[in-house]
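Chain by chain, the residues:
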Amino acid sequence: QLQLVESGGGLVQAGGSLRLSCAASGRTFSSYAMGWFRQAPGKEREFVAAITSGAVSTYYADSVKGRFAISRDIAKNTVYLQMNSLKPEDTAVYYCAAARTYSILRIGGEYWGQGTQVTVSS
């Protein structure tokens, strides 16, 4: 079982920045594609960003491209989501996810964290 724990959420002003972290344990972190999803109240969970197991490729939703950056630190078994130029519409619970491949991750993921709240004030 791959365990994922998110952290780094909080309250920031519009235009500010946050860095989310997702710490993995239990299995070989480097073998998985990793990603971030988010869900606002009353809305469907949506894809935000992903990074392949070898960190060769990254993928972003159009809504965050140019503002967010996903990265991973293999030695620390951690994936990050650097969020810049935050907007009120970015307010949501952010979930870390993992899967064997990027395609599987986008379909629905295989492992999920508990989520961390990000609130952006206007």
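Everything that follows concerns the structure shown earlier in this document.
Residues numbered from 1 in each chain as written. Predicted model: local features only at pLDDT ≥ 70, side-chain atom pairs only at ≥ 80, totals over all residues. Heavy atoms only, no water.

A.B. asks: Which residues make up the overall build of the protein chain, and what values do they have?
C.D. replies: Of the regular secondary structure elements, the protein chain holds 1 helix and 11 strands. When the elements of the protein chain are put in sequence order from the N terminus, they spell out β-β-β-β-β-β-β-β-β-α-β-β. A compact globule built from 122 residues would reach a C-alpha radius of gyration of about 14 Å, and the protein chain, at 13 Å, matches this within 12%. The dimensions of the protein chain, computed from C-alpha atoms along their principal axes, are 40 × 30 × 25 Å. Total accessible area computed for the protein chain in this model is approximately 6100 Å², and 46% of it derives from carbon and sulfur atoms. (Helix = DSSP H or I, 4+ residues; strand = E, 2+ residues; numbered from the N terminus. Rg over C-alpha atoms; globule rule 2.2 N^0.38 Å. Areas by Shrake-Rupley, 256 points an atom, 1.4 Å probe, with all protein chains shown as cover.)

A.B. asks: Can you break down the sheet that holds strand β7 (residues 68-73) residue by residue, with the values?
C.D. replies: Taken together, the 4 strands give an open sheet; going across it, the order is β1-β3-β8-β7, and neighbouring strands pair in antiparallel fashion. At either margin of the open sheet sits one strand with a lone partner, and together these are β1 (3-7) and β7. Ignoring strand direction, the axes of neighbouring strands in this sheet form an average angle of 15 degrees. Two strands pair when backbone bridges link them, and β7 and strand β8 (residues 78-83) are joined in this way by 6 bridges, in the antiparallel orientation. Considered in β8, the bridge of Ala 69 is made with Gln 82. (Pairing = 2+ DSSP bridges. Axes fitted to C-alpha atoms, helices over the stretch in contact; angles between N-to-C directions.)

A.B. asks: So what's going on with the pattern of salt bridges? Which residues, and what values?
C.D. replies: Under the criterion given, the structure shown has 4 salt bridges. Close ionic contact of Arg 38 with Asp 90 constitutes a salt bridge, the shortest N to O distance being 2.9 Å. With Arg 38 in strand β4 (residues 33-39) and Asp 90 in the loop between β8 and β9 (92-99), this pair connects stretches of sequence that are 52 residues apart. Per residue, the accessibility class of Arg 38 equals that of Asp 90, and both read buried. The residue Arg 100 makes a salt bridge to Glu 110 at a minimum N-O spacing of 3.0 Å. Here Arg 100, found in the loop between β9 and α1 (102-107), pairs with Glu 110, found in the loop between α1 and β10 (111-112); they are 10 residues apart in sequence, far enough to count as distant. Here the residues in one salt-bridge network are Arg 38, Glu 46, Arg 67 and Asp 90, joined through shared partners. (Salt bridge = Lys/Arg side-chain N within 4 Å of Asp/Glu carboxyl O. Buried < 20%, exposed > 50% of the residue type's maximum accessible area, 1.4 Å probe, protein only.)

Keep in mind that these numbers describe shape and distance, not what the molecule does.
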